Amino acid sequence: MSQHEQQIIRQLQALVGTASVSSTDPSWDQGNRGVVELLAGWLGDLGFATEITDVSEDGRKANLIATLGAGPGGLVLAGHTDTVPFDEGRWHSDPLALTERDQRLYGLGSTDMKGFFPLAIAAARAFVDTPLKQPLIILATADEESSMNGARALAAAGQPRGRAAIIGEPTSLVPVRLHKGIMMESIQVTGSAGHSSNPALGVNAIDVMHGVLSELMLFRQELAQRYSNSAFEVAFPTLNLGCIHGGDSPNRICGGCELHFDLRLTPAAAAAGVRQDLEQRLQRIAARSGAGIALRPLVEPVPPFEQAADSELVRLAEKLTGHSARAVGFATEAPFLQALGMETIVMGPGSIDRAHQPDEYLELDQIQPCIDLLQQCIARYCL
Ligand SMILES: [Zn+2]
């Protein structure tokens, strides 16, 4: 093993060993500051200017922007530093101790996606003594796996601003230019309770919810007819009815009923403003029934992502990899970086099929091809 491979493995050992789980479950949730500080140290040693910005008030969560060179434009290599929670009992080795076996590096976050950083740093190392015409920026974010608050904070702050961004999520080094968005919504129907012997004494929220459910199922069919996109494995927008709660007693008119559902829209569906359409449909049911109907998000939505097929970055990645850009079934920080005005793709080492599960690993044979690919992209945008 070459010296530079050993250094990559040492760095990944340190990153995996610095736990940084992010979760909406507070008993799991940890900060990512330790990971960001490790990266800032290594990148600072290479001559990058590093800026760590708090994402949470207590400073446990932070983003890192590390910049080599100066000026407008340039290339951003981006990744998240947090991981999902893990089930230690189902791992065959310690998830927080990077373990090499069968030409693979096992460890929590090895592929999703701490492994990307040592490779991006190794790619950058070749350029540290070259004057760059446009900057190379390595971006490390917090909380991608939970709230995407790291990426949201960057979008709100308006930085970084490169010409192009590559997010190194595991795609087996195939360029990705499309994913769906994620919305999780609640519909609360508020009727009025009364004695069950006379329906006129109240407004039954479960009856009204029946109308809401019928409308949602019709809406779902219309979405599929209008906004399908064959680039996606599941070609149509999905709407999943997840849970429902209402009422308390057979002999009372039900006063309240709430439904939670998830909606995964294709870029075309989101652009067409289907949420407003849904809101109008619900208000028509409310007016007809006399019940109150409120639609509200359960979590901040993640927008869908689409980078134009004929954009410079997509064309470059397709040429360098020999793969046409495709769509994936998972959401990323791409829409937030794209909103900063950068052409954006998702392309990184390792397979998403290994992510979010016991015995997550990165194949050793992804390392050199990834470094080569990143160096070609850096040369194109920064020299
Ligand atoms: Zn990820």
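Residues numbered from 1 in each chain as written. Predicted model: local features only at pLDDT ≥ 70, side-chain atom pairs only at ≥ 80, totals over all residues. Heavy atoms only, no water.

Counting secondary structure elements, the protein chain contains 10 helices and 18 strands. Residues counted as buried form 51% of the 383 residues belonging to the protein chain. When the accessible surface of the protein chain is split by element, carbon and sulfur atoms take 49% of a total near 16400 Å². Taken as two groups, the 29 positive and 44 negative side-chain charges of the protein chain have centres that lie 5 Å from each other. (Helix = DSSP H or I, 4+ residues; strand = E, 2+ residues; numbered from the N terminus. Buried < 20%, exposed > 50% of the residue type's maximum accessible area, 1.4 Å probe, protein only. Areas by Shrake-Rupley, 256 points an atom, 1.4 Å probe, with all protein chains shown as cover. Lys, Arg positive; Asp, Glu negative; His and termini not counted. Charge placed at Lys NZ, Arg CZ, Asp CG, Glu CD.)

On to the sheet that holds strand β9 (residues 183–190). An order of β11-β13-β9-β14 is seen for the 4 strands of this open sheet, with the pairing classed as antiparallel. Here the strands that pair on one side only, and so sit at the sheet edges, are β11 (238–246) and β14 (292–297). Ignoring strand direction, the axes of neighbouring strands in this sheet form an average angle of 20°. Packed on one face of the sheet, helix α5 (residues 205–227) meets β9, β11, β13 (256–264) and β14 and runs near 10° to β13. (Pairing = 2+ DSSP bridges. Axes fitted to C-alpha atoms, helices over the stretch in contact; angles between N-to-C directions. Contact = heavy atoms within 4.5 Å.)

Our focus in this paragraph is unusual backbone geometry. Here the bond from D112 into M113 is cis, since omega is -15°, no more than 30 degrees from zero. Among the secondary structure elements, M113 is positioned in the loop between β5 (104–106) and α3 (116–125). For M148, which is not a glycine, the phi torsion comes out positive at approximately 60°. Mapped onto the secondary structure, M148 falls in the loop between β6 (136–141) and α4 (149–157). With a phi angle near 65°, L173 is a residue other than glycine that sits in the positive phi range. Tracing the chain through its elements places L173 in the loop between β7 (164–167) and β8 (176–179).

Looking only at helix α8 (residues 312–321), the buried set comprises L313, V314, L316, A317 and T321. End-on view of α8: buried residues confined to an arc of 165°, all on one side of the axis. Looking at the buried residues of α8, the elements they touch are β7, β8, β17 (343–346) and α10 (367–382). Phi turns positive, to about 75°, at G322, one or two residues after α8. (Arc of directions from axis to C-beta.)

All right, on to the coordination of the zinc ion then. For the zinc ion, the full set of protein donor atoms is H80 (NE2), D112 (OD), E169 (OE) and E169 (OE), at a range of 1.9 to 2.7 Å. Here the zinc ion binds 4 donor atoms, and the angle range of 52 to 143° at the metal identifies the geometry as irregular. The motif formed by the donor residues of the zinc ion, counted along the single chain, is H-x31-D-x56-E. With a gap of 89 residues between them, H80 in strand β3 (residues 75–80) and E169 in the loop between β7 and β8 connect regions that are remote in the sequence. Given a relative accessible area of 1%, H80 falls into the buried group. Accessibility expressed as a relative area gives 3% for E169, which makes it buried. (Donors = N, O, S within 2.8 Å, 3.2 Å for Na, K, Ca; no water. Tetrahedral: all angles 85-135°; square planar, octahedral: opposite > 155°, others 65-115°.)

Here the focus is the pattern of salt bridges. Applying the stated criterion across every chain, the model contains 18 salt bridges. Two residues, E300 and R152, come together in a salt bridge whose shortest N-O distance is 3.6 Å. One end of the pair, E300, is in the loop between β14 and β15 (305–306); the other, R152, is in helix α4, with 148 residues separating them in the sequence. The class for E300 is exposed, based on a relative accessible area of 56%. Salt-bridge contacts for R275 lead to E185; the nearest nitrogen and oxygen are separated by 2.5 Å. Of this pair, R275 sits in helix α7 (residues 274–289) while E185 is found in strand β9, placing the two residues 90 residues apart along the sequence. Each of E215, E222, R226, D277 and R281 takes part in one network of salt bridges that share partners. (Salt bridge = Lys/Arg side-chain N within 4 Å of Asp/Glu carboxyl O.)

Taken as a whole and judged by the stated rule, the model has 0 disulfides. Summary of cysteine pairing: C370 is not part of a disulfide, and the nearest cysteine sulfur, belonging to C377, is at 9.4 Å. (Disulfide = S-S within 2.5 Å.)

Turning to the packing of aromatic side chains, a few remarks are in order. Aromatic ring pairs: the centre-centre distance and the angle between the two ring planes describe each pair. Summed over the entire model, instances satisfying the criterion amount to 3 aromatic pairs. Summarising the aromatic geometry, the rings of F116 and F117 are spaced 6.1 Å apart at their centres and angled 65° between planes, so their arrangement reads as edge-to-face. F117 matches F116 in its accessibility class, with the two residues each being buried. Across from the ring centre of Y106, 3.8 Å away, lies the NZ or CZ of R101, which sits over that ring. A cation over an aromatic ring shows up here: K180 above the ring of F232, its NZ or CZ 5.4 Å from the ring centre. (Phe/Tyr/Trp six-rings, centres within 6.5 Å; stacked < 30°, edge-to-face > 60°. Lys NZ or Arg CZ within 6 Å of the ring centre and 35° of its normal.)

Once that is clear, we can look at the packing of helix α1 (residues 3–17) against helix α2 (residues 33–45). Relative to each other, α1 and α2 sit at 155°, their axes nearing to 9 Å. On the basis of their axis angle, the class for α1 and α2 is roughly antiparallel. For α1 against α2, the interelement crossing comes out right-handed. Along its contact with α1, which presents Q11, A14 and L15, the element α2 presents V35, L38, L39 and W42. By residue class, the composition of the contact of α1 with α2 is 6 nonpolar, 1 polar and no charged. (Parallel < 35°, antiparallel > 145°, perpendicular 65-115°, else oblique. Left-handed = near helix turned anticlockwise from the far one by under 90°. Nonpolar A, V, L, I, M, F, W, Y, C, P; charged D, E, K, R; others polar.)

Our next topic: the nonpolar core. Counting 54 residues, the largest nonpolar core has L39, F48, L75, L77, L136 and I138 as the members making the most contacts within it. If you tally residues by element for this core, the top one is α10, at 9 residues. What L39 contacts, discounting residues up to four positions off in sequence, is L15, L64, T81, F117, I121 and A140. Core analysis: the next-biggest nonpolar cluster, separate from the first, contains 28 residues, L259, L265, A291 and I293 among them. (Core = buried A, V, L, I, M, F, W, Y, C linked by side-chain atoms within 4.5 Å.)

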